[in-house]
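# Structure at a glance
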Amino acid sequence: MADRKHALPVSRKEDFSAWYQAVTAGADLAENACVRGCMVIKPYGFAIWERMQAIMDAKFKELGHCNCYFPLLIPVDLFEREADHVAGFAKEMAIVTHHRLEQRDGKLIPASPLETPLAIRPTSELIIGESMSRWIKSYRDLPVLINQWCNVMRWEMRTRLFLRTSEFLWQEGHTAHETEEEARKEARTMHDVYYWFVHDILKISCIPGKKPDHDRFAGAVDTFSIEAMMQDGKALQAATSHYLGQNFARAMNIQFQGRDDKLHLAHTTSWGSTTRLIGGLIMVHSDDDGLNLPSEVAPYHVVIIPLLKGSDRDDDIVSFCHSIKRAIEKSARVFIDLKEAEAQNKKWDYVRKGVPLICEIGLRELEDQSVSIIKRASNLEKLRIPLNKFEEQIEDMLIEHDKILQQKNEEYFRENTRDDIKTYSELKELFETENKFVIAKWSGSQENVNLLDEIGITIRCIPRQQSNAKGKCILTNEDADMDVILAKSY
RNA sequence: CGGGAAGUAGCGCAGCCUGGUAGCGCACUUGCUUUGGGAGCAAGGGGCCGGAGGUUCAAAUCCUCUCUUCCCGACCA
């Protein structure tokens, strides 16, 4: 099919970055807003986010978390309480300093300065901790397990739709526990939840692991992440969970009276995942025809396009489309596109939108009660089957769709992961021409970590799954037995 | 925030050097034709050329400032 015309004007191979933008625009997911660094998430893109939310939210609740909502604005002096935390976020903080506009010479000028400037939340550990400190008196009040779905703002220098925008949507879970063990278990559990979501739901091959010390969340004791490989070989951090120790409890005075009658600081965690996951989906599963969506998060599983010719059979064709919808809607989200437009153009639009199964229904299908199907994940392979078979097979077809996406990505992941790079010079040489995931040994020493900076590589994580084999550190050549993943990252 | 490029109709671009009433392709509207694979012909609609200032009789075009986007760095989910 190499000679087939593709649905996008630019391929992954030609220009990955332009391709990414073409997929995003072609699927009508989002666009740049008139505000610097911010995006407008359009209906189809937001529908994907809503699917993600629904799935994760149900899982969080199943695990005992409750949703709530905290203010967008955080008094700046709260940040003075946690030194590492401020250090991490200060540079990208947006601050509200005034509360009033006045008109001067036809221009609006901020007028009344605030006594205490307010930060637009970059994350909510502090303001949630402030509440927790009042909620928690006794060990009987623990654990506190909460989550919020909201927006946050980080003033990034360089932005890209979904991957890095000044404002983005996310969920942030915050929990407080009686013991370190319990809090560590929570951070680990949520790390598992994210792995499940990214791997099992989004069908993205990824590595769960711990961040090296120099790359932890600002104020955390341990940070865990999910590292996924994009189709240009770069790593994308897909979700993180943190064990915060007693750092935030100390800063915000989250104390409780324990079983021993004494006062103790709580152990807290936080964990988050963002609309960046959509960027990850795009860069993992899309191809030169556009987006490709795993069924769990696809707004529509099946789109039916009637082929109408302005004849007296048109009504019959449309009713047949409704029969098809009724036959399969128990097992699939179905949309009949009745918009007056060229059927061919609609077809290519839905190809770009990554709809798993696109059905074209005209006179022929009406005559013999069959369905013509284009399988998005199988290089637009076409087949025609009787409606009753379609009804029987729809679930299997979606499972097959997901399997194809998963297998393609697994294969790519496998082919682009190297475990044979043993020395820094080999590493340097490799990354001069290619982007790969490299599994190598690291001593854990901060010494020579700057060598990685020089070649634009980072230690993505210390994978949870360790080989336990002995070897030499790729940076210092000392004996080392810890495996790490090295890669370029987004 | 440093280095580079670009902003002209919804999208992609030409025009700018050498100032003189704003163009092309796609998309959109209408009509006719076509019709199982991203249609053809014809007629239309849509832009004070990113914004502000300056030079000039006259600015899309020259000058200054500014905003935004894209690419390469640094920073980050």
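Going by the structure above, here's the rest.
A brief look at the structure comes next. (Residues numbered from 1 in each chain as written. Chains lettered and ligands numbered in written order. Predicted model: local features only at pLDDT ≥ 70, side-chain atom pairs only at ≥ 80, totals over all residues. Heavy atoms only, no water.)

### With respect to the overall build of chain A
In terms of regular secondary structure, chain A is built from 13 helices and 27 strands. Overall size of chain A, expressed as C-alpha extent along the three principal axes, is 80 × 60 × 60 Å. Within chain A, contacts between residues separated by at least 24 positions form 69% of all contacts whose residues are at least 6 apart in sequence. For chain A, the exposed area adds up to about 22,900 Å²; of that, 48% sits on carbon and sulfur atoms. (Helix = DSSP H or I, 4+ residues; strand = E, 2+ residues; numbered from the N terminus. Contact = heavy atoms within 4.5 Å. Areas by Shrake-Rupley, 256 points an atom, 1.4 Å probe, with all protein chains shown as cover.)

### Remarks on the packing of aromatic side chains
One pass over the structure, following the stated rule, counts ten aromatic pairs. With 5.8 Å between their ring centres and 75° between their planes, W49 and W149 make a pair best called edge-to-face. Of this pair, W49 sits in helix α2 (residues 43–62) while W149 is found in strand β9 (residues 144–153), placing the two residues 100 residues apart along the sequence. Its relative accessible area of 1% is what places W49 among the buried residues. Positioned over the ring face of Y490 is K234, at 4.7 Å from the centre of the ring. Between the NZ or CZ atom of K353 and the centre of the ring of Y44, over which it lies, the distance is 4.2 Å. (Phe/Tyr/Trp six-rings, centres within 6.5 Å; stacked < 30°, edge-to-face > 60°. Buried < 20%, exposed > 50% of the residue type's maximum accessible area, 1.4 Å probe, protein only. Lys NZ or Arg CZ within 6 Å of the ring centre and 35° of its normal.)

### Considering the side chain of D289
Tracing the backbone through its elements, the reader meets D289 in the loop between α7 (276–285) and β17 (302–306). By relative accessible area, D289 is classed as buried at 2%. There is a polar contact of 3.0 Å between the side chain of D289 and the side chain of H6. Those residues in contact with D289 that sit more than four places away from it in its chain are R4, K5, H6, A7, L8, W348, V351, R352, R376, N379 and L380. (Polar contact = N/O pair within 3.5 Å; in protein donor to acceptor, adjacent residues only side chain to side chain.)

### A closer look at the packing of helix α8 (residues 314–328) against helix α11 (residues 387–415)
Remark: α8 packs on α11, axes separated minimally by 9 Å, with the N-to-C direction vectors making an angle of 30°. Classified by the interaxial angle, the pair formed by α8 and α11 is roughly parallel. As for how α8 packs across α11, the hand of that crossing is right-handed. Contacts between α8 and α11 involve F320, I324, A327 and I328 on the former and, on the latter, L387, F390, E391 and I394. Of the residues assigned to the contact of α8 with α11, the class counts are seven nonpolar, no polar and one charged. (Axes fitted to C-alpha atoms, helices over the stretch in contact; angles between N-to-C directions. Parallel < 35°, antiparallel > 145°, perpendicular 65-115°, else oblique. Left-handed = near helix turned anticlockwise from the far one by under 90°. Nonpolar A, V, L, I, M, F, W, Y, C, P; charged D, E, K, R; others polar.)

### Considerations on unusual backbone geometry
In this structure, the amide linkage connecting L142 to the following residue, P143, adopts the cis form with an omega of -5°. Checked against the element boundaries, P143 lands in the loop between α4 (125–135) and β9. Of note in this structure, F162 is not a glycine but carries a positive phi near 70°. When you line up the elements, F162 lands in the loop between β9 and β10 (167–177). Notably, N477 is not glycine yet its phi reads approximately 65°, a positive angle. Tracing the chain through its elements places N477 in the loop between β25 (471–472) and β26 (479–480).

### A look at the pairing of strand β27 (residues 482–487)
Here β27 lies mainly inside the structure; five of its six residues are buried. Pairing geometry for strand β23 (residues 437–442) and β27, over five bridges, is antiparallel. Bridge pairing in β27 places V438 opposite L486. With three bridges joining them, strand β24 (residues 458–463) and β27 adopt antiparallel strand pairing. Note that in β27 the partner of C461 across the bridge is I485. (Pairing = 2+ DSSP bridges.)

### What to know about the side chain of D232
Mapped onto the fold, D232 is located in the loop between β12 (222–229) and β13 (235–243). There is no salt bridge for the buried D232, and the closest opposite charge comes from K234, which lies 4.5 Å off by N-O distance. A distance of 3.1 Å separates a polar atom in the side chain of D232 from the backbone nitrogen of K234. Side-chain polar atoms of D232 contact the side chain of Y490, separated by 2.5 Å. Here D232 is in contact with F16, Y412, N435 and Y490, once residues within four sequence places are set aside. (Lys, Arg positive; Asp, Glu negative; His and termini not counted. Salt bridge = Lys/Arg side-chain N within 4 Å of Asp/Glu carboxyl O.)

### Quick word on the pattern of salt bridges
Inspection of every chain in the model, using the stated rule, returns 29 salt bridges. Among the ionic pairs, D481 bridges to K470, the shortest N-O distance being 3.7 Å. Of this pair, D481 sits in the loop between β26 and β27 while K470 sits in the loop between β24 and β25, and the two are eleven residues apart along the sequence. The class of D481 is partly exposed, set by a relative accessible area of 41%. Because the salt bridges share partners, they merge into one network encompassing E180, R184, K210 and D222.

### Section: the pairing of β13
The two faces of the sheet receive side chains in turn, since in a regular strand these alternate between them. The buried fraction of β13 amounts to eight of the nine residues, a majority that puts the element mostly inside the structure. With eight bridges joining them, β12 and β13 adopt antiparallel strand pairing. Looking at the pairing, F224 lines up with S241 of β13. Hairpin connection, β12 to β13: the antiparallel pair is bridged by five residues, and G233 has positive phi, about 85°. Of the pairings in the sheet, the one linking β13 to strand β16 (residues 267–274) comprises four bridges and is antiparallel in character. Across the sheet, residue T240 finds its bridge partner in β16, namely G272.

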